[in-house]
Amino acid sequence: SAAVAQVPLDTDLNLYLPFCDGQVNDLSPINHDYTQATNDPAVDRNGVTNAARTMNSNPLPLPNNLIIDGDFTISVWYNYTGTTQQYPRLLDLSTTVNSTSDAIILYPSNVGDNLPSFGAWNSNSQQMISLQASTPLINQWAHIVVTKAGTTYTMYLNGQPETSTTSAFVPANVARNISSLGRSAYVNTPELFPGFVDEVRVWQREAQITCMREGID
């Protein structure tokens with residue numbers, strides 16, 4: 001995005017990548033000491049140049065110490081342009097190479113259906129949570145949010161509830177050090193995300209709808 005909204009300090013905001021002026025900086029209070037120089041001319045949803053991240057064959061490794069072990073909110077603007085890969089990754093928070101053990105994953109599509117989905121796995125690589133949208137999204141900017149609040153997991157698309165499920169499953173409090181925007185944790189099947197991303201946020205709580213809408217308005 002071209003400009004960062006002035007909002008009160010949010011100590012539960014664990015990661016915030018606004019992609020301002022072609023740069024990659026974590027502007028969350030935690031900060032993660034995370035900066036990557038880039039000269040990306042990508043155009044964001046508002047038509048502003050140098051204000052988004054081009055993915056394609058250029059995935060972005062994320063800070064090692066992202067914490068998701070209870071209620072959480074993941075929020076991403078994305079523009080998926082399509083792929084022949086089976087399970088492209090929008091966001092992949094993993095603990096182990098070549099495994100889904102304790103993974104938390106956002107997909108823009110599964111086997112070409114263009115339906116965004118979300119999954120969370122336990123330490124035995126058993127999928128415990130599955131959410132899938134019924135609205136296909138491709139070649140357009142869209143805002144996806146996934147929240148966990150108590151036993152309820154909910155997916156929002158463009159500010160509206162899309163689907164939800166209930167489960168007592170709680171993501172493990174482990175270091176998700178194999179985390180990326182735009183690729184999987186599998187060495188030989190990276191499942192690269194083709195398209196653009198912007199305004200990536202991760203909260204260690206259920207964010208209020210007003211916080212989510214900061215990425216929409």
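Everything below is about the structure shown above.
Throughout this document, residue positions are counted from 1 along each chain, in the order its sequence is written. Predicted model: local features are reported for residues with pLDDT of at least 70 only, side-chain atom pairs are reported and counted for 80 or more only, and whole-chain, interface and lining totals are derived from all residues. To obtain the side-chain values, all non-hydrogen atoms of the structure were used and water was disregarded.

Asker: Tell me what's going on with the packing of aromatic side chains, and back it up with residues and numbers.
Answerer: Here is the rule: rings of Phe, Tyr and Trp (six-membered ring for Trp) pair when centre to centre is within 6.5 Å. Planes less than 30 degrees apart are stacked, more than 60 are edge-to-face, and the remainder are tilted. Enumeration over the complete set of coordinates arrives at 5 aromatic pairs. The interplanar angle of 40 degrees and the centroid separation of 6.2 Å between the aromatic rings of F72 and F118 together place this pair among those described as tilted. Placement of the pair is F72 in strand 6 (residues 72-80) and F118 in strand 9 (residues 117-121), with a sequence separation of 46 residues. Comparing F72 with F118 shows no difference in burial state: the two are buried. Summarising the aromatic geometry, the rings of F72 and Y153 are spaced 6.2 Å apart at their centres and angled 65 degrees between planes, so their arrangement reads as edge-to-face. In this pair, F72 is assigned in strand 6 and Y153 in strand 12 (residues 152-157), connecting sequence segments 81 residues apart. Helical segments are the DSSP runs of H or I of at least four residues, strand segments are the runs of E of at least two, and each set is numbered from the N terminus. Here the term buried applies to any residue with accessible area under 20% of the maximum for its type, exposed to any over 50%, and partly exposed to those in between, with areas from a 1.4 Å probe on protein chains only.

Asker: Run through the pairing of strand 9, naming residues and quoting values.
Answerer: Where a strand is regular, its side chains alternate between the two sheet faces. Burial analysis of strand 9 places 5 of its 5 residues in the buried class, which makes it a mostly covered element. Side chains S117, G119 and W121 of strand 9 all project onto a buried face; the interleaved residues F118 and A120 project onto the opposite face, where all are buried too. Two strands are counted as paired when DSSP detects at least two bridges linking them. Relative to strand 9, strand 8 (residues 104-107) runs antiparallel, the two being bridged by 4 bridges. By the bridge assignment for strand 9, Y107 is matched with S117. Relative to strand 10 (residues 127-132), strand 9 runs antiparallel, the two sharing 5 bridges. Bridge assignment links S117 to a residue of strand 10, and that residue is Q132.

Asker: Go over the pattern of salt bridges with me, naming the residues and quoting the values.
Answerer: If charged atoms from side chains of opposite charge come close, those side chains can pair. For this document, the term salt bridge refers to a Lys or Arg side-chain nitrogen within 4 Å of an Asp or Glu carboxyl oxygen. Inspection of the entire model under this criterion finds 5 salt bridges. Between D71 and K148 there is a salt bridge, with its nearest N and O atoms 3.2 Å apart. Linking D71 in the loop between strand 5 (60-61) and strand 6 with K148 in strand 11 (residues 141-149), this pair joins segments that are 77 residues apart in sequence. Classification of D71 by relative accessible area gives partly exposed; the value is 29%.

Asker: Could you give an account of the pairing of strand 1 (residues 13-17), with specific residues and numbers?
Answerer: The buried fraction of strand 1 amounts to 5 of the 5 residues, a majority that puts the element mostly inside the structure. Pairing geometry for strand 1 and strand 15 (residues 195-203), over 4 bridges, is antiparallel. From the neighbouring strand, L15 faces strand 15, where its bridge partner is V202.

Asker: A description of the sheet that holds strand 5 should follow, citing residues and the corresponding values.
Answerer: Strand-to-strand pairing in sheets goes through backbone hydrogen bonds, with the strands running parallel or antiparallel. Pairing is antiparallel in the open sheet, where 6 strands are placed in the order 5-14-7-8-9-10. Looking along the sheet, the strands with just one partner apiece sit at the ends: strand 5 and strand 10. When strand 7 (residues 91-94) meets strand 14 (residues 178-181), the two strands line up antiparallel, connected through 4 bridges. Following the sheet pairing, S94 is matched in strand 14 by I178.

Asker: Account for unusual backbone geometry, with residues named and values stated.
Answerer: For N56, which is not a glycine, the phi torsion comes out positive at approximately 50 degrees. Of note, N56 is situated in the loop between strand 4 (53-54) and strand 5. The backbone of E191 shows a phi angle near 50 degrees, a positive value even though the residue is not glycine. Within the secondary structure, E191 sits in the loop between strand 14 and strand 15.

Asker: So what's going on with the side chain of T73? Residues and values would help.
Answerer: Looking at where T73 falls in the secondary structure, it is placed in strand 6. For the purposes of these results, a polar contact is taken to be a pair of N or O atoms within 3.5 Å, where, inside protein, one atom must be able to donate a hydrogen and its partner to accept one; residues adjacent in sequence count only when each atom of the pair is a side-chain atom. Separated by 2.8 Å, the side chain of T73 and the backbone oxygen of R205 make a polar contact. Every residue pair with non-hydrogen atoms within 4.5 Å of one another is taken to be in contact. Those residues in contact with T73 that sit more than four places away from it in its chain are V145, V146, T147, R201, V202, W203, R205, E206 and A207.

Purely geometric numbers; function is a separate question.
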